[in-house]
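Listed below are the residues making up each chain.
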Amino acid sequence: MFGVGGGTSSYAEVEDTDFVLLWGSNARAAHPIYFHHVLKGLSKGAKMFAVDPRRTASAKFADLWLGIDVGTDISLANAMSREIIAANLHNKEFIEHATSGFDAFADHVDEYTLERAAATTGVNANAIRELAHGYATAPTAQILWTLGITEHHNGVENVLSLCNLALLTGHVGRWGSGLVPLRGQNNVQGGGDMGALPNKLPGFQDVADDSVRAKFESVYGGPINPEPGLHLSLMFEAMARGDLTALYIIGENPADSEADVDHTRKLLAELDILVVQDIFLTRTAQLADVVLPATVGWAESEGTVTSSERRVQRVRAAVKAPGDCRHDYEIIGELAQRMGAKWTANTPEELWDELRSLSSMHAGMTYDRLETEGGLQWPCPNIDHPGTPYLHGWLWEDDLDGRAPAPFSLTRYAGPKEQLTDDYPLRLTTGRVLDSYNTGVQSSGYESPIRSGSHLEISPVDALNLNLVDGERVSVSSPRGRVEMHIKIEPDQVAGLTFSTFHFPELVDLNLLTNDEWDPLSGTAEFKAASIRIDKLPIGTSRG
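Bear in mind that the values here come from a model prediction, so they are computed numbers and not experimental data.

This part takes up unusual backbone geometry. Across the junction of W378 and P379, the peptide omega takes the value 0°, indicating a cis bond. Checked against the element boundaries, P379 lands in the loop between β14 (376–377) and β15 (406–407). Even without a glycine there, the phi angle at F204 is positive, about 60°. Inspection of the secondary structure puts F204 in the loop between β7 (200–201) and β8 (205–206). Here the phi dihedral of H392 falls at roughly 70°; this positive angle occurs in a residue that is not glycine. Checked against the element boundaries, H392 lands in the loop between β14 and β15.

Hydrogen bonds along the backbone pair up the strands of a sheet, which may run parallel or antiparallel. Read from one edge of the open sheet, three strands run β9-β10-β11, paired in parallel fashion. The sheet is open, and its two borders are formed by β9 (246–250) and β11 (290–293), each paired with just one other strand. Taken over all neighbouring pairs, the strand axes of this sheet differ in orientation by 10° on average, direction set aside. When β9 meets strand β10 (residues 273–278), the two strands line up parallel, connected through five bridges.

For the structure shown, the criterion picks out two cavities of 30 Å³ or more. By volume, the largest cavity amounts to about 360 Å³. What lines the largest cavity is a set of 26 residues, among which G24, D52, G148, T430 and K528 lie closest to the centre. No other element matches the three residues that strand β16 (residues 426–431) contributes to the lining of the largest cavity. The residue makeup of the lining of the largest cavity, split by class, is seven nonpolar, 13 polar and six charged. Residues from two domains meet in the lining of the largest cavity; each of domain 1 (11–181) and domain 3 (426–536) gives at least three. Considering only enclosed or pocket space, the second largest cavity measures out at about 40 Å³ in volume. In terms of lining residues, the second largest cavity is bounded by D256, F502, F504, P505, V508, D509, L510 and N511.

The next thing to look at is the packing of aromatic side chains. Per the stated rule, a full pass over the model turns up nine aromatic pairs. Geometrically, the ring pair formed by F19 and Y135 is edge-to-face, given 6.2 Å between the ring centres and 70° between the ring planes. A residue pair is termed long-range when its members are at least 10 positions apart, and F19 in strand β1 (residues 19–23) and Y135 in helix α8 (residues 125–137) qualify at 116 residues. Under the relative-accessibility criterion, Y135 is labelled buried at 0%. Geometry around F499 places R54 over its ring, the cationic atom sitting 3.5 Å from the centre. Across the ring face of Y112, the terminal group of R116 is positioned such that the distance to the ring centre comes to 4.3 Å.

Here we come to the nonpolar core. Within the largest apolar cluster, 51 residues are counted, with the highest numbers of intra-cluster contacts made by L21, W23 and L165. Within the second largest apolar cluster, 19 residues are counted, among which are V261, L426, L456 and I534.

Close contact between helix α4 (residues 73–86) and helix α6 (residues 102–109) brings their axes to 9 Å; oriented N to C, the two are set at 110°. One element, α4, and the other, α6, form an angle in the roughly perpendicular class. Between α4 and α6 lies a crossing of left-handed hand. Listed contacts from α6 to N78, S81, R82 and I85 of α4 are F102, F105, A106, H108 and V109. Among the residues making up the contact of α4 with α6, the classes are represented as five nonpolar, three polar and one charged.

Here we take up a nonpolar patch on the surface. A contiguous nonpolar surface patch, about 580 Å² in accessible area, is contributed by Y248, I250, I332, L335, M339 and W343. Taken together, the elements giving at least two residues each to the nonpolar patch come down to β9 and α17 (328–338). As for its placement among the helices and strands, Y248 is situated in strand β9.

This next bit is on helix α13 (residues 232–241). Residues S233, F236, A238 and M239 constitute the buried set of α13. Looking at the packing, one finds that the buried side of α13 touches β9, α14 (254–257) and α15 (261–269). Positive backbone phi, approximately 85°, marks G242, located one or two places after α13.

Bringing the pattern of salt bridges into the picture now. Throughout the structure, instances matching the rule amount to 31 salt bridges. Note that R316 is salt-bridged to E371, the shortest N-O span being 3.0 Å. Taken as a pair, R316 in the loop between β13 (311–315) and α17 and E371 in helix α19 (residues 367–372) lie far apart in primary sequence, 55 residues in all. Exposure remark for E371: the relative accessible area of 44% places this residue in the partly exposed category. Overlapping salt bridges bring together D256, R265, R283, E506 and D509 as one network.

Pairing is antiparallel across the open sheet formed by three strands, whose spatial order is β12-β13-β14. The sheet is open, and its two edges are formed by β12 (303–306) and β14, each paired on a single side. Pairing geometry for β13 and β14, over two bridges, is antiparallel. Looking at the pairing, R311 lines up with Q377 of β14.

The next subject is the environment of V305. Summarising the element assignment, V305 is placed in strand β12. Sequence separation between V305 and A136 is 169 residues, and the spatial gap between their C-alpha atoms is 35 Å. Among all residues touching V305, those that are not within four sequence positions of it are N186, N187, R311, V312, Q313 and V315.

Right, let's talk about the pairing of strand β18 (residues 473–477) for a bit. Counting buried residues in β18 gives four out of five residues, a clear majority hidden from the surface. Pairing between β18 and strand β19 (residues 482–489): five bridges, direction antiparallel. Residue pairing for β19: V476 is matched across the bridge by V483. Where β18 hands over to β19, the hairpin turn is made up of four residues, counted between the paired strands. Here β18 pairs with strand β21 (residues 530–536) via four bridges, running antiparallel. When the bridges of β21 are listed, S477 appears paired with R533.

Calculation notes
Residues numbered from 1 in each chain as written. Predicted model: local features only at pLDDT ≥ 70, side-chain atom pairs only at ≥ 80, totals over all residues. Heavy atoms only, no water. Helix = DSSP H or I, 4+ residues; strand = E, 2+ residues; numbered from the N terminus. Pairing = 2+ DSSP bridges. Axes fitted to C-alpha atoms, helices over the stretch in contact; angles between N-to-C directions. 1 Å grid on protein atoms, 1.4 Å probe; cavity = no way out; pocket = protein on both sides within 12 Å on 5 of 7 lines; lining within 4 Å. Points joined across faces, edges and corners; volume = space filled by probe spheres on them. Nonpolar A, V, L, I, M, F, W, Y, C, P; charged D, E, K, R; others polar. Domains from an automatic or database assignment. Phe/Tyr/Trp six-rings, centres within 6.5 Å; stacked < 30°, edge-to-face > 60°. Buried < 20%, exposed > 50% of the residue type's maximum accessible area, 1.4 Å probe, protein only. Lys NZ or Arg CZ within 6 Å of the ring centre and 35° of its normal. Core = buried A, V, L, I, M, F, W, Y, C linked by side-chain atoms within 4.5 Å. Parallel < 35°, antiparallel > 145°, perpendicular 65-115°, else oblique. Left-handed = near helix turned anticlockwise from the far one by under 90°. Contact = heavy atoms within 4.5 Å. Patch = residues over 30% accessible without salt bridge, like charges linked within 9 Å, V, L, I, M, F, W, Y side chains within 5 Å. Areas by Shrake-Rupley, 256 points an atom, 1.4 Å probe, with all protein chains shown as cover. Salt bridge = Lys/Arg side-chain N within 4 Å of Asp/Glu carboxyl O.

This is how it looks when you write it as structure tokens:
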């Protein structure tokens, strides 16, 4: 929407903002360091509203929790937009100056009344009104979100709906107001920045642009395919058709992490060749023809990482890598050399300087500056530039810095692809807990006094209806598969909603259940909305 793929704000801004809208994020568990910044803002008097199907550990800090039904985010966001316009709380001057498409947007959201949204989302109409008014009238406000927004079949439209709210109120492009997607893993932002996207080269430069490609080709010493590549979901579809027969996986564990994972494992097993580069022998690596042992990026290697606030920081090896493990850049570089490439950049600093010569947003970030200044935030176009604490200040400049206005987007509500039925009457949503990480590759090898997440959390109402007791082992099934797991009766859980994590695939192969419907714009699977049933196990196999 704004021309670049990065969160708009610095971490410190949430400490100074007046209003925090935490949407689809249990930041206290999934982003605990960032949540400390949020708590500092709340201690200074900021209000926080939380939109989440679950009353999470984060939502308990909110002034108001809106317990939305899974997958109804667009209905709620559009109703907020309509209420802001109807109450004459929209920033008319900003809209006229910095945006386009407002009249069509206002007409579009007019049907999303508070009453309709309440019926769709399960949230009280007065609560929606209170949230809309609070966000619109706050001097500064930030919207924070994570996978609760993006892991849906319409995740991109979910994000665009939140961006519409910022455009409507002018809560973007200035200190304390912004749009903050909290990245789910270390250096996710850096991965995108470095070109780990099917249609982009480093610095978010389009691979289809002839002049951009020519610049990279002159440095890389060879032609670059102008056709965008496949994202992850399309790769698996190509594997199913037999069009993709070789796969090189670096630091990813799809044999545990993909939705409908039984189907994923079959596709991986049928490849002509599978190469896996990783730090442990993951379930994916066990399927590989070739395993390339790599170093741990955050502990054994040199280089840089980029955080959710676009801050590039130096990383240094704290310990020596064991055995024959090699750094990722060494492995990739030698493979390229054996394939005939004549790359001249070999060390982390040489590779970084090569990037700086090609990506203007990183041009001013020398290793010396990163070292002495504690990191820099892109864009940083030259050696004298201080870095950019917040993005899109151009929206407030007289001439918009010569750019086109930011467009409103017309988004339509569509619930989860997989509807609840008599056979599968409960909603399963997944997420993270504080002490564990993704599929457990990096976190399951040590003990933790607060370890949790292998149970299925259900409401007291559902436990009563199903005649279940806390700790009972049950059968959990979806249209794709079945697992056995223990239940945990959670007092705060909403009736009809269940929750578990994907951290313990060796204990509970949860992604046998999850829904592989995916967003055609992003390729992200709908992990947040599967339909399941719970059945008691036969006498003698179940225990409370």
